[in-house]
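# Structural description and commentary
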Amino acid sequence: QVHLIESGGGLVQAGGSLRLSCAASGRTFSSYPMGWFRQAPGKEREFVAAIMGSGGSTYYADSVKGRFTISRDNAKNTVYLQMNSLKAEDTAVYYCAVGRPGDWSISYRGAYDYWGQGTQVTVSS
């Protein structure tokens, strides 16, 4: 059974940084795209960033480009999201997800089969 466990969320002041981690278990995901989404209160869940399998190509939403960095450690079956220069509008529950090998529609929720439980990120202004 696949499990994704996010950690690293919390409360931070605007301009600060946080690093989210997502540890996967139950299967090796080195060839799978992995992504981060977020959902603010009253809003739809939105794409944040994704990283492809072994090649490691990365993709970002325009709203986080230049501030967030996604990376992965395939030996640990873990994906990370380094978030710098945080803004109040980054406040949301952040979810990691696992996609399908060869599927490049990585900004769409429907492209992901497994999801974590989410971790809260709150940025105070």
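To keep things clear, this report deals only with the structure shown in the data block. (Residues numbered from 1 in each chain as written. Predicted model: local features only at pLDDT ≥ 70, side-chain atom pairs only at ≥ 80, totals over all residues. Heavy atoms only, no water.)

With that settled, the discussion passes to the nonpolar core. If you look at the biggest cluster of nonpolar residues, it comprises 37 residues, and the most contacted ones within it are Trp-36, Leu-81, Met-83 and Tyr-94. If you list the elements that add at least two residues to this core, you get strand E3 (18-25), strand E4 (34-39), strand E5 (46-51), strand E7 (68-73), strand E8 (78-83), strand E9 (92-98) and strand E11 (119-124). (Core = buried A, V, L, I, M, F, W, Y, C linked by side-chain atoms within 4.5 Å. Buried < 20%, exposed > 50% of the residue type's maximum accessible area, 1.4 Å probe, protein only. Helix = DSSP H or I, 4+ residues; strand = E, 2+ residues; numbered from the N terminus.)

What follows covers the pairing of E9. The two faces of a sheet get side chains in turn, since along a regular strand they alternate between them. Within E9, six of the seven residues are buried, leaving the element largely enclosed by the surrounding structure. Pairing geometry for E4 and E9, over six bridges, is antiparallel. Each bridged residue has a counterpart across the sheet, and for Gly-35 the counterpart in E9 is Ala-97. By the bridge criterion, three bridges tie E9 to E11 in an arrangement that is antiparallel. Looking across to E11, one finds that Tyr-94 is bridged to Thr-119. Summarising the sheet, E9 and strand E10 (residues 114-115) pair through two bridges and their orientation is antiparallel. By the bridge assignment, Val-98 is partnered in E10 with Tyr-114. (Pairing = 2+ DSSP bridges.)

Right, let's get into the packing of aromatic side chains. In this structure the tally under the stated criterion is seven aromatic pairs. Consider the rings of Phe-29 and Tyr-32, whose centres lie 5.1 Å apart with planes at 90°: the pair is edge-to-face. We classify Phe-29 as buried; its relative accessible area is 0%. For the pair Tyr-59 and Trp-104, a centre-to-centre distance of 6.2 Å together with 85° between the ring planes defines the contact as edge-to-face. (Phe/Tyr/Trp six-rings, centres within 6.5 Å; stacked < 30°, edge-to-face > 60°.)

In this section: the state of the cysteines. In a disulfide, the sulfur atoms of two cysteines are held together by a covalent bond. Tallying each qualifying case throughout the model produces one disulfide. Bridging Cys-22 to Cys-96, the disulfide has an S-S length of 1.9 Å. Judged by the sign of its S-S torsion, about 45°, the cystine formed by Cys-22 and Cys-96 is right-handed. You can see Cys-22 sitting in strand E3 and its partner Cys-96 sitting in strand E9, a full 74 residues away along the chain. Judged by its relative accessible area of 0%, Cys-22 falls in the buried class. (Disulfide = S-S within 2.5 Å.)

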